[in-house]
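Secondary and tertiary structure notes
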Amino acid sequence: MEDSDLSFDPGLEHVLAGETRLSTIDGEAGELVIGGFPLEELAPNATYEEALYLLWNDRLPTEEELSTFRSDLAAHRDLSDGALAAIREAAERRDDAMDAERIGAACASLARPAEEDTDGEVTTHERDAMVAVAQLPTAVAAYWRVANGEEPVAPRDDLTHAANYLWMLTGEEPTDEQVRGLETYLCSVIDHGFNASTYTARVVASTESDVLSAVTGAVGALKGPLHGGAPGPVLDMLEEIADHGDPQTWLTDRLDAGERLMGFGHRVYRVRDPRAAVLSEAAEEFYAGEESAFFDLARDVESAAVSVLDERKPGRSLETNVEFYTAVLLRGVGVPRELFSATFGVSRVGGWTAHCLEQYADNRIVRPRSRYVGETGRTWTPVGER
Ligand code: ACO
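In short, a report on the structure. Everything quoted here is computed from the prediction, not taken from an experiment.

Thresholds, definitions, all that
- Residues numbered from 1 in each chain as written.
- Predicted model: local features only at pLDDT ≥ 70, side-chain atom pairs only at ≥ 80, totals over all residues.
- Heavy atoms only, no water.
- Helix = DSSP H or I, 4+ residues; strand = E, 2+ residues; numbered from the N terminus.
- Rg over C-alpha atoms; globule rule 2.2 N^0.38 Å.
- Contact = heavy atoms within 4.5 Å.
- Areas by Shrake-Rupley, 256 points an atom, 1.4 Å probe, with all protein chains shown as cover.
- Lys, Arg positive; Asp, Glu negative; His and termini not counted.
- Charge placed at Lys NZ, Arg CZ, Asp CG, Glu CD.
- Buried < 20%, exposed > 50% of the residue type's maximum accessible area, 1.4 Å probe, protein only.
- Pairing = 2+ DSSP bridges.
- Expected span 1.5 Å × (residues − 1).
- Polar contact = N/O pair within 3.5 Å; in protein donor to acceptor, adjacent residues only side chain to side chain.
- Salt bridge = Lys/Arg side-chain N within 4 Å of Asp/Glu carboxyl O.
- 1 Å grid on protein atoms, 1.4 Å probe; cavity = no way out; pocket = protein on both sides within 12 Å on 5 of 7 lines; lining within 4 Å.
- Points joined across faces, edges and corners; volume = space filled by probe spheres on them.
- Nonpolar A, V, L, I, M, F, W, Y, C, P; charged D, E, K, R; others polar.
- Near = heavy atom within 4 Å.
- Sits in = over half its atoms within 2 Å of the grid points.

Things to note about the overall build of the protein chain
Along the protein chain, the regular secondary structure elements total 17 helices and three strands. Against the globule reference of 21 Å for 386 residues, the protein chain gives a C-alpha radius of gyration of 22 Å, in line with a compact fold. Here the C-alpha coordinates of the protein chain stretch approximately 65 × 55 × 50 Å along the principal axes. Look at the contacts in the protein chain between residues 6 or more apart in sequence, and 76% of them connect residues 24 or more apart. Summed over its atoms, the accessible surface of the protein chain is roughly 19,000 Å², and 47% of this surface lies on carbon and sulfur atoms. Counting 34 positive and 71 negative side-chain charges, the protein chain places the centres of these two groups 7 Å from one another.

Structure below.
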């Protein structure tokens, strides 16, 4: 087929680039289905381990399977000495948490068991997937501790994935409410169709490269501010509005200055992001009581922003996206804002690895065509004559 016969779609928005059973999005209706479950059914009920098992196995685990799965995952949490040394260096340099997460992904190969240790039932890809999911939280938490002048806290294999992450960040055992809040977040963002980082992972896997290489590439894609970088700025915005006192005026001033409001709008959703609804409910439960003023502020800012944006872009329906209530919920749970994007990766690595396994099972190397817009027919000039 000639290039001229092909349609040109630089952001691949109108390209069906593959098939997946992992998740699907209806952007017009505002619906997200993960592993066959509507988000609203899965996220408030599942633990991260259950959501991960679902993605990897296309069904929920029995009680016994879940217990074994939890132990297997927990057994891979310790970083290698090499990974820890590199993460320390990144933290001491005050590099971004996403750099530490990328180091954690790349160095996870140093912590995987030697080839001959894998038993017959586990493939190398499945083992690498387990190592990747288990190691990223340890890498992020170790970075945070060292960046704050503290020693990393060793992972505990008696805690769940979510509880252990909070434990490693703070060195304190989290409350049930904190753990449930984090579980809901982790299960809400574990997978979301062919977003940029997930597709990156699939492209790497399609070359028959290994899962850890695919995850390393995916962390790199997630680092970009157009993908995973809005929840920190959302929190900054809410705090500035709290100081200012009048959401409507603050928001209008920003839009007049040509800025975009963080946490609003989405490439696919034309209504409120369904994850915003689930996360807002989780946050509301979390903030019930003494901290409810912050949640009320977020609600006020949401309604003021939606009405201001509607005046500016009538018919465009710019509503809250996932990042708005991510910021509110994670703040309540006690995840530092500097780690919001990296915590997104701590969840999404479940989706990345599931997509890799899906890609390997029915693989075709990803190799799109490009339209050439450069020169042709140039003749060579020796270097001394240029
Ligand atoms: N604030 C103000 N105006 C906005 C916003 C916003 N948050 N979002 C879109 N608009 C405006 C655009 O300026 C554009 O106006 P124009 O037609 O005059 O140029 C119009 O609405 C349509 O915007 P698009 O850029 O076409 O919307 P798109 O769907 O491509 O962008 C995006 C989606 C990047 C998320 C955008 O809404 C945005 O920048 N939001 C703020 C940042 C943010 O919250 N990012 C996290 C996204 S969630 C995630 O990716 C995990």
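Still more to cover.
Some remarks on the side chain of Asp128
Examined against the element boundaries, Asp128 turns out to sit in helix 6 (residues 124–147). Here Asp128 falls in the buried class, since its relative accessible area comes to 1%. With near-sequence residues (within four places) excluded, Asp128 lies in contact with Arg112, Asp210, Val211 and Leu212.

Quick notes on the sheet that holds strand 2 (residues 31–34)
Across the sheet, which stays open at both edges, the three strands sit in the order 1-2-3 with antiparallel pairing between neighbours. Looking at the sheet topology across the chains shown, the edges are occupied by strand 1 (23–26) and strand 3 (37–38). Of the pairings in the sheet, the one linking strand 2 to strand 3 comprises two bridges and is antiparallel in character. Residue pairing across strands places Ile34 opposite Phe37, the latter belonging to strand 3.

Considering helix 10 (residues 211–223)
For helix 10, spanning 13 residues, the distance from its first C-alpha to its last is 18 Å, which sits close to the expected 18 Å at 1.5 Å a residue. Here the buried face of helix 10 lies against helix 5 (97–107), helix 6, helix 9 (196–206), helix 11 (225–228) and helix 17 (340–361). Among the residues of helix 10, the N-terminal cap falls to Asp210, whose side-chain oxygen and the backbone nitrogen of Leu212 are separated by 3.2 Å.

Things to note about unusual backbone geometry
One non-glycine residue, Leu12, adopts positive backbone phi at about 55°. At Ser317, a residue that is not glycine, the phi angle is positive and equals roughly 55°. Following the sequence through the fold, Ser317 ends up in the loop between helix 15 (292–312) and helix 16 (322–333).

Details of the pattern of salt bridges
Any two side chains of opposite charge can pair, given that their charged atoms come close. One pass over the full model with this rule turns up 21 salt bridges. Here Arg145 makes a salt bridge to Glu150, at a shortest N to O gap of 3.7 Å. For Glu150, a relative accessible area of 39% puts it in the partly exposed group. One salt-bridge network, held together by shared partners, links Asp99, Arg102 and Lys223.

A word on the layout of surface pockets
In this structure, the largest pocket occupies an estimated 2,100 Å³ of space. Together, 48 residues line the largest pocket, and Glu13, Leu226, His266, Arg267 and Val268 are the ones closest to its centre. Elements supplying a minimum of two residues to the lining of the largest pocket: strand 1, helix 9, helix 11, helix 15, helix 16 and helix 17. Residue classes in the lining of the largest pocket are distributed as 22 nonpolar, 15 polar and 11 charged. In this structure, the second largest pocket encloses a volume near 860 Å³. Lining the second largest pocket are 27 residues, with Leu12, Val15, Arg367, Pro368 and Arg369 sitting closest to its centre. Sorting the residues of the lining of the second largest pocket by element identifies helix 9 and helix 17 as the ones contributing at least two each.

Focus: the pairing of strand 1
As paired strands, strand 1 and strand 2 are joined by four bridges and run antiparallel to one another. Looking at strand 2, one finds that Ser23 is bridged to Ile34. Taking the residues that link successive antiparallel strands as the turn, the strand 1-strand 2 hairpin has four residues, and the phi of Gly30 there is positive, at about 70°.

A look at the site of the ligand
Within the structure, the ligand sits among 19 residues, and Leu261, Gly263, Phe264, Lys313 and Asn321 are positioned closest to it. A distance of 2.8 Å separates an oxygen atom of the ligand from a polar atom in the backbone of Gly263. Applying the majority rule of atoms within 2 Å of the grid points places the ligand in the largest pocket. Breaking the shell around the ligand down by element, the ones donating at least two residues are helix 11 and helix 16. Looking at side-chain class alone, the shell around the ligand contains nine nonpolar, five polar and five charged residues.

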